Amino acid sequence: MGRTEVPFQPNPYWNIVSGVEYYHDQVGSDAEQRDMINNTVSSLPASILDGVTFIQSGIILLHSLDILKLRLSFGGLVNALAIQRDQSNMERLICSLQLWLKCGSNVFYSSQCAIDLFF
């Protein structure tokens, strides 16, 4: 798994954090049966998850603006998932936009919009 975040501050009232992440996993298995009486070993079918590949990647962008005692935070996230096994694939793209309004440490407004696409 890899993740990188880059903070940036164009001026004292505006903070930007952007980042990317990537994760890859592959499952492999095998099984065997040992007969201790006859001293033989035989192969068994692998588990149902054998050969599955999982990939996740994402991009995030978060802005914060401080105006007097009000902090306006907004950002977006794009997350892509892919699960592959043999010839069958499942791919999913998730896009999320978020908005938060804060006064001091109290959040008094929060909104989120997400789009979830399957391929």
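Residues numbered from 1 in each chain as written. Predicted model: local features only at pLDDT ≥ 70, side-chain atom pairs only at ≥ 80, totals over all residues. Heavy atoms only, no water.

Looking at the element boundaries, T53 is found in strand β5 (residues 52-67). Apart from the residues within four sequence positions on either side, T53 is in contact with H24, D25, Q26, A82, I83 and Q84. (Helix = DSSP H or I, 4+ residues; strand = E, 2+ residues; numbered from the N terminus. Contact = heavy atoms within 4.5 Å.)

Pairing of strand β1 (residues 2-11) with strand β2 (residues 14-26), which is carried by 8 bridges, proceeds in the antiparallel orientation. Residue G2 lies in a different strand from β2, and its bridge partner there is Y22. Between β1 and the antiparallel strand that follows it, β2, lie 2 residues. In this sheet, β5 lies alongside β2 in antiparallel orientation, the contact comprising 13 bridges. Each bridged residue has a counterpart across the sheet, and for Y23 the counterpart in β5 is Q56. (Pairing = 2+ DSSP bridges.)

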